[in-house]
Amino acid sequence: MAKIKGAIVIDIERCKGCELCVDACPTDVIGMEKKVNSKGYHYAAMEHPENCTGCVNCALVCPDAVITVYRKKFED
Amino acid sequence: MEKENLRLDEIIREENIVFKKTPLLTDKVFSYCPGCGHGVVHRVIMEVIDELGIQSETIGISPVGCSVFAYDFMNIDMQQAAHGRAPAVATGIKRCWPDKYVFTYQGDGDLAAIGTSETIHACNRGEHIAIFFINNGIYGMTGGQMAPTTLPGMKSSTTPYGRDTRLMGNPIKITELVATLPGTYFVTRQSVHTAVNVRKLKKAAKMAFENQKLKKGLSFIEVVSNCNSGWKMSPIQANRWMEENMLPFYPIGDIKINGNFVKRN
Ligand SMILES: Cc1ncc(C[n+]2csc(CCOP(=O)(O)OP(=O)(O)O)c2C)c(N)n1
Ligand code: SF4
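Residues numbered from 1 in each chain as written. Chains lettered and ligands numbered in written order. Predicted model: local features only at pLDDT ≥ 70, side-chain atom pairs only at ≥ 80, totals over all residues. Heavy atoms only, no water.

## Brief notes about the nonpolar core
1) Next: Grouped together as the largest cluster of nonpolar side chains are 59 residues, with contacts concentrated most on A:Ile67, B:Ile45, B:Met46, B:Ile49, B:Phe103, B:Phe132 and B:Phe209.
2) Next: Apart from the residues within four sequence positions on either side, B:Phe132 is in contact with B:Ile45, B:Phe103, B:Thr104, B:Tyr105, B:Gln106, B:Ala205, B:Phe209 and B:Ile221.
3) Next: Counting 22 residues, the second largest nonpolar core, distinct from the first, contains B:Ile131, B:Phe133, B:Ala179 and B:Phe220. (Core = buried A, V, L, I, M, F, W, Y, C linked by side-chain atoms within 4.5 Å. Buried < 20%, exposed > 50% of the residue type's maximum accessible area, 1.4 Å probe, protein only. Contact = heavy atoms within 4.5 Å.)

## Side note on the pairing of strand β5 (residues 130–135) of chain B
Residues and elements named next belong to chain B.
1) Next: Most of β5 sits out of view: six of its six residues are buried.
2) Next: Every second residue of β5 is oriented toward a common face, with Ala-130, Phe-132 and Ile-134 on one face and Ile-131, Phe-133 and Asn-135 on the other, all of them buried.
3) Next: The pairing of strand β4 (residues 101–107) with β5 spans five bridges and is parallel. Following the sheet pairing, Phe-103 is matched in β5 by Ala-130.
4) Next: Relative to strand β9 (residues 218–224), β5 is paired through six bridges, and the arrangement is parallel. Its bridge partner being in β9, Phe-133 is matched across the sheet by Glu-222. (Helix = DSSP H or I, 4+ residues; strand = E, 2+ residues; numbered from the N terminus. Pairing = 2+ DSSP bridges.)

## Thoughts on the interface of chain A and chain B
1) Next: Listed by partner, the interface residues are 34 residues for chain A and 37 residues for chain B.
2) Next: Across the chain A/chain B interface, buried area totals approximately 3,000 Å², and carbon plus sulfur atoms make up 64% of it.
3) Next: Interface area lost by chain A to chain B is led by A:Arg14, A:Leu60 and A:Tyr70, which between them contribute 21%.
4) Next: For the interface between chain A and chain B, the tally reads one salt bridge.
5) Next: At the boundary of chain A and chain B, one finds 11 residue pairs in polar contact (both at pLDDT 80 or more).
6) Next: Those elements giving two or more residues to the side of chain A that touches chain B turn out to be β1 (2–10), α1 (20–24), α2 (57–61) and β4 (67–75) of chain A.
7) Next: Looking at which element gives the most residues to the side of chain A that touches chain B, the answer is β4(A), with seven residues. (Buried area = accessible area lost by both parts, 1.4 Å probe. Salt bridge = Lys/Arg side-chain N within 4 Å of Asp/Glu carboxyl O. Polar contact = N/O pair within 3.5 Å; in protein donor to acceptor, adjacent residues only side chain to side chain.)

Spelled out as structure tokens, the structure:
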């Protein structure tokens, strides 16, 4: 069966840690990193990458356009 | 886990990109507070201009308010206007360049307080421009003072006990007001607090730019947004508060399309 898998890449230095993407993700992929970026913000990171479907919700609500979303269909 | 990592390498490749930051936003980091709606609206407008392929034909007017530096973030021709005067400046530019796409980007303090007159007259004259109106219920930039849009009972730095309508009057629903003017061709209210709403705003923004080709009047797009710093909430709390308090008073939806009122239940 074909399976859609997604992934996100976060521009860590531009992330302001607002957490809106964490709230917007329907499959709880995103969490906040304990580490901080050079501005002192805890940045978003993929906590459960296996759940990502590449639905783009997180990127749509991100006020700083720091999220790039990828999606690929796997046949297995 | 190793298998998952292997998969990530396969997924994170140029050819699998389904969303990335539009090149019509510059590399400057937004000056907005974390979680502020301004950034989303900037991005949506730039995505629409990118998709319509009108980057070199579009002129934007930035206001006074937190979004005063919109000209630094939007990779198009921009002009900054004095407080509240963006619709007047846009009028001048559009009349000199009738085939350019012209829009203003304004907060509620800019558009509905000091600029009320310019707003109403530009709408009434039916200038063939688009107005993006970001309503966060207060003056964000200057420290969260009451705006004409502040809800009854809503706390702000100048209404610490809540807006008393007997003393301060009622909030103005400027969007409903301009819809009554024959000069407006498209009037809508949107928000950016969920992915679905962002998609709807994008559709509306596209329509606002496409309408300019028809030269049939002004497109007015209100975006109900948060000012989490001014409201003294976290971004997530602010969006919830907005949903529970702002949206019942400022309901989302189209008010006027193609010059005709939309029937609402
Ligand atoms: C002529 C003039 N009067 C007053 C001000 C002070 N001032 C700067 S921004 C602002 C209000 C901005 O609020 P709003 O338009 O709601 O935008 P926001 O910052 O909330 O995005 C005011 C009153 C000014 N800069 N110029
Ligand atoms: S003060 Fe309010 S409107 Fe201004 S950037 Fe911060 S959150 Fe946005």
